Amino acid sequence: MNNFFTVYAILIGLIAGSFFGMLIPRLHHNEKGIVFGRSHCPKCKHALGAWNLIPILSFIMQKGRCAFCHKKISALYPLIELSTALCFGALYMKFQQWDIWLLWAVLFGFLILIFFYDLRYQEIHDAFMLPAILFALIAAFYLKNFENAFIGGLLGSVFFGLQWWISKGKWVGSGDIRIGAFMGLMLGWQNTLAALFLSYILGTIISLYLLATRKATGKSMIPLGPFLAMGTSA
């Protein structure tokens with residue numbers, strides 16, 4: 001029975017990931033009809049049918065191209081869908097309670113949005129960051145962990161707020177302050193310290209790799225959000 005529910009959680013993750021893939025560019029470009037508008041090709045703007053929107057499978061069957069204009073579709077779309085599906089499935093295998101799973105699935109959904117939005121656009125959008133902080137507060141109440149979560153949220157926001165203030169926004173962006181608050185509320189202060197440490201280790205390793213392979217220079221902007229999301233999810 002648990003295997004059945006795990007598959008069910010994965011299917012929910014595929015659907016949620018498909019929604020995230022649509023939401024991210026629409027938020028960035030401030031498109032109308034973000035929730036109820038018809039999905040369309042980002043290149044030719046042709047409206048997509050149900051056959052074109054099957055998570056992962058449509059991308060494979062269409063060989064990574066639009067069915068109408070035949071231009072390449074970003075591989076980020078199936079990657080978001082697959083990441084969300086695996087994440088939701090793993091969360092159910094861990095908790096095996098639908099109420100607890102739902103809380104953590106929503107929290108990790110916000111992490112996925114942070115990861116891919118910042119990776120693609122090097123910014124954090126308040127349209128999902130502020131609801132993420134609010135939901136993390138609600139989750140802390142439900143899980144009876146509010147005091148620890150509040151201290152963690154304060155720690156995370158102050159940690160990045162001081163860097164932003166000292167560097168006048170050169171070291172971190174203001175969006176990182178909100179990510180710090182979300183991390184702390186989600187993890188509590190002890191786990192936030194570990195997540196921050198791991199995030200900076202990952203960021204340093206990948207940054208050194210990009211510099212060594214000349215895929216980035218000392219002046220390149222490398223988004224911090226993806227590393228914070230990875231550190232938090234770990």
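Reading the values: the criteria
- Residues numbered from 1 in each chain as written.
- Predicted model: local features only at pLDDT ≥ 70, side-chain atom pairs only at ≥ 80, totals over all residues.
- Heavy atoms only, no water.
- Phe/Tyr/Trp six-rings, centres within 6.5 Å; stacked < 30°, edge-to-face > 60°.
- Helix = DSSP H or I, 4+ residues; strand = E, 2+ residues; numbered from the N terminus.
- Contact = heavy atoms within 4.5 Å.
- Axes fitted to C-alpha atoms, helices over the stretch in contact; angles between N-to-C directions.
- Parallel < 35°, antiparallel > 145°, perpendicular 65-115°, else oblique.
- Left-handed = near helix turned anticlockwise from the far one by under 90°.
- Nonpolar A, V, L, I, M, F, W, Y, C, P; charged D, E, K, R; others polar.
- Salt bridge = Lys/Arg side-chain N within 4 Å of Asp/Glu carboxyl O.
- Buried < 20%, exposed > 50% of the residue type's maximum accessible area, 1.4 Å probe, protein only.
- Patch = residues over 30% accessible without salt bridge, like charges linked within 9 Å, V, L, I, M, F, W, Y side chains within 5 Å.
- Areas by Shrake-Rupley, 256 points an atom, 1.4 Å probe, with all protein chains shown as cover.

Draft legend 1. Examining the packing of aromatic side chains more closely. Tallied over the entire structure, the rule returns 17 aromatic pairs. Ring geometry for Phe159 and Phe160: centres 4.9 Å apart, planes at 85°, overall edge-to-face.

Draft legend 2. Examining the environment of Ala149 more closely. By the element assignment, Ala149 lies in helix H6 (residues 146-167). A C-alpha to C-alpha distance of 22 Å links Ala149 and Phe115, two positions 34 residues apart in sequence. Here Ala149 is in contact with Ala140, Gly184, Leu185 and Gly188, once residues within four sequence places are set aside.

Draft legend 3. Up close: the packing of helix H7 (residues 174-187) against helix H8 (residues 189-212). At their nearest, the axes of H7 and H8 sit 7 Å apart, and the two run at 130° to each other. With respect to H8, the element H7 is oriented oblique. The hand of the H7/H8 crossing is right-handed. Touching Met183, Gly184 and Leu187 of H7 are Trp189, Asn191, Thr192, Ala195 and Leu196, all from H8. Each residue belonging to the contact of H7 with H8 can be placed in one class, and the counts come to five nonpolar, three polar and no charged.

Draft legend 4. Expanded view of the pattern of salt bridges. In this structure the tally under the stated criterion is one salt bridge. The shortest N-O distance in the salt bridge between Arg178 and Asp126 comes to 2.7 Å. Residue Arg178 is found in helix H7, and its partner Asp126 is found in helix H5 (residues 126-142); the two are separated by 52 residues along the sequence. For Arg178, a relative accessible area of 22% gives the class partly exposed.

Draft legend 5. Spotlight on a nonpolar patch on the surface. A cluster of nonpolar side chains, contributed by Phe150, Ile151, Leu154, Val158, Leu162, Trp164, Trp165, Ile166, Trp171, Trp189 and Leu193, occupies part of the molecular surface with about 1200 Å² of accessible area. Breaking the nonpolar patch down by element, the ones donating at least two residues are H6 and H8. For the nonpolar patch, the leading source of residues is H6, giving eight residues. Relative to the assigned elements, Phe150 resides in helix H6. Under the relative-accessibility criterion, Phe150 is labelled partly exposed at 47%.

Draft legend 6. Region of interest: unusual backbone geometry. In the Ramachandran plot, Gln96 falls in the positive-phi region, its phi being about 55° despite a non-glycine side chain. In this fold, Gln96 is placed in the loop between helix H3 (76-95) and helix H4 (98-121). The backbone phi angle of Gln122 is positive, close to 55°, even though this residue is not glycine. Looking at the secondary structure, you find Gln122 in the loop between H4 and H5. For Gln122, a relative accessible area of 44% translates into the label partly exposed.

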